[in-house]
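# Structural overview
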Number of protein chains: 4
Amino acid sequence: MIVAMQENASEEQISHVIGRLIEIGFEVHRSTGERQTVLGGVGGGDTPDIGWLEMLPGVEHVHRIGSPYKLVARRFRPEGTVVRFPNGVSIGGEEVVVMAGPCSVESRDQIFAIAQEVAITGGRFLRGGAFKPRSSPYSFQGMGEEGLKLMRAAASEFGLLVVSEVMEISQIGLMAPYIDMFQVGARNMQNFNLLRELGKVRKPILLKRGIAATIEELLLSAEYVMAGGNYNVVLCERGIRTFETYTRNTMDISAIPVVKELSHLPIVADPSHGTGRRDKVPAMARASVAAGADGLLIEVHNCPDKAVSDGAQSLYPVQLARLMEDLRSIAPAVGRVMSSIDRDLPSVPMEVAAAN
Amino acid sequence: MIVAMQENASEEQISHVIGRLIEIGFEVHRSTGERQTVLGGVGGGDTPDIGWLEMLPGVEHVHRIGSPYKLVARRFRPEGTVVRFPNGVSIGGEEVVVMAGPCSVESRDQIFAIAQEVAITGGRFLRGGAFKPRSSPYSFQGMGEEGLKLMRAAASEFGLLVVSEVMEISQIGLMAPYIDMFQVGARNMQNFNLLRELGKVRKPILLKRGIAATIEELLLSAEYVMAGGNYNVVLCERGIRTFETYTRNTMDISAIPVVKELSHLPIVADPSHGTGRRDKVPAMARASVAAGADGLLIEVHNCPDKAVSDGAQSLYPVQLARLMEDLRSIAPAVGRVMSSIDRDLPSVPMEVAAAN
Amino acid sequence: MIVAMQENASEEQISHVIGRLIEIGFEVHRSTGERQTVLGGVGGGDTPDIGWLEMLPGVEHVHRIGSPYKLVARRFRPEGTVVRFPNGVSIGGEEVVVMAGPCSVESRDQIFAIAQEVAITGGRFLRGGAFKPRSSPYSFQGMGEEGLKLMRAAASEFGLLVVSEVMEISQIGLMAPYIDMFQVGARNMQNFNLLRELGKVRKPILLKRGIAATIEELLLSAEYVMAGGNYNVVLCERGIRTFETYTRNTMDISAIPVVKELSHLPIVADPSHGTGRRDKVPAMARASVAAGADGLLIEVHNCPDKAVSDGAQSLYPVQLARLMEDLRSIAPAVGRVMSSIDRDLPSVPMEVAAAN
Amino acid sequence: MIVAMQENASEEQISHVIGRLIEIGFEVHRSTGERQTVLGGVGGGDTPDIGWLEMLPGVEHVHRIGSPYKLVARRFRPEGTVVRFPNGVSIGGEEVVVMAGPCSVESRDQIFAIAQEVAITGGRFLRGGAFKPRSSPYSFQGMGEEGLKLMRAAASEFGLLVVSEVMEISQIGLMAPYIDMFQVGARNMQNFNLLRELGKVRKPILLKRGIAATIEELLLSAEYVMAGGNYNVVLCERGIRTFETYTRNTMDISAIPVVKELSHLPIVADPSHGTGRRDKVPAMARASVAAGADGLLIEVHNCPDKAVSDGAQSLYPVQLARLMEDLRSIAPAVGRVMSSIDRDLPSVPMEVAAAN
């Protein structure tokens, strides 16, 4: 904690500030220069609210030294976290992990058809929403538990893992049997009660950055989960809100290397929500991998024009396949690999294969 | 719905788009000019997701006509909504209603002392948090139900109403007996499940704008509550996140007249969170009233330097009193009044008065 | 200058940083706590680029103490600057000064008609553009010197002063004879060569905040002008670019009290550009005055629907008159006055009065 | 042009709007549905200012159809523009062109040493500033013409082209003999007078996106240059200002594929200014190429810690070399190539090689 006093601060004001700093647990170093006195507070425990210090008479500026998070900091695990899943897949290791699927689960046919495509192209996770938060009260709101069952069945059929969004505490128990990773959506990134509960869960958490959240705030939210005892957190950059409206959000690709520096947690990218436009997804997926992303979250739909939600940003299966090819060329350039298709090719059941 | 086709769109592409528009319920008008064909879709019900239309071959641009909300629209109640409370106070009428109190309820002494100040200066509501969402997991998290009881007791003592933040569905029943208005915080503005439940409640809702929410999104969230049957919604401008960091947020004062044009709902302003700095609160409170705000939400603390949260933005009681004086001059200039102090002066119990 | 070293910084790294700080002129105070070493640099002259320090091995964070500006700082002139004009009008004193006029000078009839309205309602300055920077190369580009002559003539006729935008160094000499204050537009706020030249001019400068400029950057730009010897600078808040698109820009009303704290320079507000919508101008003008603005810059047009530029944000004369009435009620509430109409009423020449 | 009338618009209001549309040159199509009338205006020439239409009584919303630019639009040159330089290098073709050099030219030794490194690693352009716009009036302001001479000499020695920033019209003639491409900085992106002059120049223009400029505004600025007759424009994404402060700006990588869709002009990326931090430059350079950038603008300095400006974002030569290696792996994955080093290796003069 550094407290810079105003140039004309009185000795009494300086003493008062020193007293208050000591009171909240700091050891204080005083530097008085020709023009200005600067106080350095060392120690002092956790004092996230420092604004009131800045309002004390004679204070010009208060600056916090050190990061407000601990467990998510890179130095807590300099070697980096690898989040491992039952079937041997892991996020944060050498492989760039692709999670793909529709915005919403709509029907058995839809989710099985898409799951097959995801598996064939080398995806590892089936993603899909069962509970859909929508900004209009008049929109489709999701299939609920039935959707989760269908997703689990489709994923198992094709050797995939399942990731799906949890929207409130009451859904945690309901979802747990069907999924391999809980996704926390951008709107819930600072739903601290939910984060606290997810800290007690024994499944990995995929935590998406809020559209107005700084990288530091994203890390503080991950700290909530880790503080509860769940160290398997995967972060996700999915675009922030800026003045540019051509794309739905502005994908902050630089968040990927920044998170890699500040934290040991893996980070994946979601170019579908990041751009909101199908035709921009491949370029941003390639950019994310080139920037060091540990994985991708991509919306794909067998019939995007008829998707009940987010059709505009869902890839056609053939586009996903083409993108995966490109990524197989780019990944090695950054010391990574994509999953081998041969090794993973699921045994496609006859009837589904025929139906396609 | 307007669909502008690309200049080189083929007749087949145009027919396909017309077909899809008719399929989702629109009556289509076609205008073919020298360079370009434009399709106008009339009717068509609720189609919040129009992105997929823009991705159809040959389409240049899709533009939605009309607002996506209905119940919150000004034309639904051109005369404006007045939200009335049991004790005769109302928001949206002639009076500019002041709601003041600490960020968090901390103790009986604290909340009684502050309630007295609020009442004496002409405030109508005691505000205060019992459940505190904090961005660091290591911060104070609120007194819970005990805090609600204290707030209710203090408010009743001094003739005030109570407004406090509800953070999740499970708190609604717990809070209802103690409060007069539920506050939905900025972070929950798009917690649609919570909004839906609050639509069934028989108490008014104070809905704060999210830091990255557009005015349209704020109105859509209010629509969620109204669609559930609860028409008593008060909106609140409390600052948006921009590149300027001198103030904690940038208070969008223009949202006040914009909401007044688009909607019949009352709107109040929160200059405490809007600026994050005590010394800027009075100027922004005055500006809000001058711009037409129906009320103010202000943090005040009897000892801001020792507040467990948000002390930097809490006024000293004497500052609140001075601000109320200024507002008594400004309100008439915009055809409004502040509450008369004489009429409202609570009978201050001897022991509390002595304690101060 | 505060340099916080990383927790694991080596003694060698610390010594290297100390050496570099001394090299660039700082006296260094070292505080080594249990976990971390913090270096305080005092003195050191002007070192605006501190980024390279942060990149030195072992450095966690560098924080500049003190503001990068000097002459614009409040402490340079604690009593505040009052910019005085030949006819006795001054900005920064008790009076809230209104400057109004069309976006562009279009014709003699137009500018005389508008000047009369401005004078009658109590305005002090006629504003108007002679050189129009437009984002499309196919738009009207201004009347040039002819426009300046007309503005000067109209202003003199009705006892007004003239403020008009200078867009490049070559226009300074051309404009000087016709105007009383040079306006620097938002797009030129960081045209440092232009600012330097204006520092040598003997007329006041109205410096508008850029749409993406922080308050600190606005002050640094004013420092450029003052550093050249011209101390008569008036700042102007005119809206910043945010994600909200309902208004053209988001007017940052809080910049008014912030500038008042940080600087001695007067600040006016431009609600026309700040909102881009005529119907929102009055509310934002009132809010600006209530927040402490020293003046207003308002677009008014005798026939806004036919204005060649910015018609949508120009008030009708009758709206300006009504707004001035409102301001006469609000100004006293913040210890200010509007100009008395009686005192100022210009002698309206018969033929012009008849023509209206 | 689409004009949606309010639901309760009168027939008189509708007629008035139709009349005004015809007056400014539109052919009007009227669609009256059950609830609302929508007017479609076709033709109509250039009407960049449509705001006043929206203010007409009875109008709900006005929406412009079609882009406000013509010459920069993709359809003007569907095959894409390739900007060719005298020595055979071209931007917009198969090769990803690297332009590297210091922020400012500081001395002969410095620029020669850096030029050699740029050439050796496969760069094609030497970049460097001779006139330095700085936000503080107390900073280094550039070497001027002497700097240009040194840059030209160094570039010629090592077979490089020169790109340097022009800041005002008066510098165009001075700079022309020394440079191969004029750079327009972010702060001058809307300096329309400068753009107009550069439209008459016979050298290519590198136009950087302003920190608060939308992609559409960037394209409109390019239109200014092309409208003057200079069709050799290269765009540059260099980061926009957002609420995130960890990086100096937020690099909008998605602007690369968006520009590729909307325009035929080449686009390069500047990860040095885009991030402001040396350690983030390689990741963002890789991401830019993966997203389809036609080139890179990179700051490199032989001694970044002692650079007079922007040292924090300048790569060490060895970092540039390593980055170029990575790019040689990524470029082919997106169908591009980097320059072959063997083919380009300049004959390094003995004395310079020895001096290094």
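Before reading further, recall that the structure is shown in the block above.
The sections below set out a description of the structure shown in this document. (Residues numbered from 1 in each chain as written. Chains lettered and ligands numbered in written order. Predicted model: local features only at pLDDT ≥ 70, side-chain atom pairs only at ≥ 80, totals over all residues. Heavy atoms only, no water.)

### Thoughts on helix H10 (residues 281–290) of chain C
Residue and element names in this part refer to chain C. Among the 10 residues in H10, 10 count as buried, and that is most of the element. When H10 is considered as a whole, its buried residues turn out to be Val281, Pro282, Ala283, Met284, Ala285, Arg286, Ala287, Ser288, Val289 and Ala290. Positioned one or two residues after H10, Gly292 has a phi angle of 110 degrees, which is positive. (Buried < 20%, exposed > 50% of the residue type's maximum accessible area, 1.4 Å probe, protein only. Helix = DSSP H or I, 4+ residues; strand = E, 2+ residues; numbered from the N terminus.)

### A closer look at the interface of chain C and chain B
Facing 37 residues of chain C, the contacting portion of chain B comprises 37 residues. Buried surface at the junction of chain C and chain B, both sides included, amounts to about 2,800 Å², of which 69% is carbon and sulfur. When residues of chain C are sorted by the area they lose upon contact with chain B, Phe243(C), Glu244(C) and Tyr246(C) head the list and together hold 19% of the total. On inspection of chain C and its partner chain B, the count reaches 4 salt bridges. Across the pair Glu244(C) and Arg209(B) runs a salt bridge whose closest N-O atoms are separated by 2.8 Å. Between the two partners, chain C and chain B, sit 10 residue pairs in polar contact (both at pLDDT 80 or more). Contributing elements (two or more residues each) for the side of chain C that touches chain B: helix H8 (255–262), H10 and helix H11 (317–330) of chain C. Considering every element that reaches the side of chain C that touches chain B, the biggest residue donor is H10(C), with 5 residues. Here the residues of the side of chain C that touches chain B are counted per class, giving 20 nonpolar, 7 polar and 10 charged. (Contact = heavy atoms within 4.5 Å. Buried area = accessible area lost by both parts, 1.4 Å probe. Salt bridge = Lys/Arg side-chain N within 4 Å of Asp/Glu carboxyl O. Polar contact = N/O pair within 3.5 Å; in protein donor to acceptor, adjacent residues only side chain to side chain. Nonpolar A, V, L, I, M, F, W, Y, C, P; charged D, E, K, R; others polar.)

### Overview of the pairing of strand E7 (residues 97–101) of chain D
When a strand is regular, its side chains alternate between the sheet's two faces. Residue and element names in this part refer to chain D. For E7, the tally of buried residues reaches 5 of 5 residues, placing the bulk of the element in the interior. Side chains Val97, Met99 and Gly101 of E7 all project onto a buried face; the interleaved residues Val98 and Ala100 project onto the opposite face, where all are buried too. Pairing analysis gives 5 bridges linking E7 to strand E14 (residues 295–299), with the strands arranged parallel. Bridge pairing in E14 places Val98 opposite Leu296. The pairing of E7 with strand E8 (residues 125–127) spans 2 bridges and is parallel. The residue bridging Ala100 from the neighbouring strand is Leu126, located in E8. For the handedness criterion, the β-α-β arrangement of E7, helix H3 (residues 108–121) and E8 is classed as right-handed. (Pairing = 2+ DSSP bridges. Right-handed = clockwise from strand over helix to strand, strands pointing away.)

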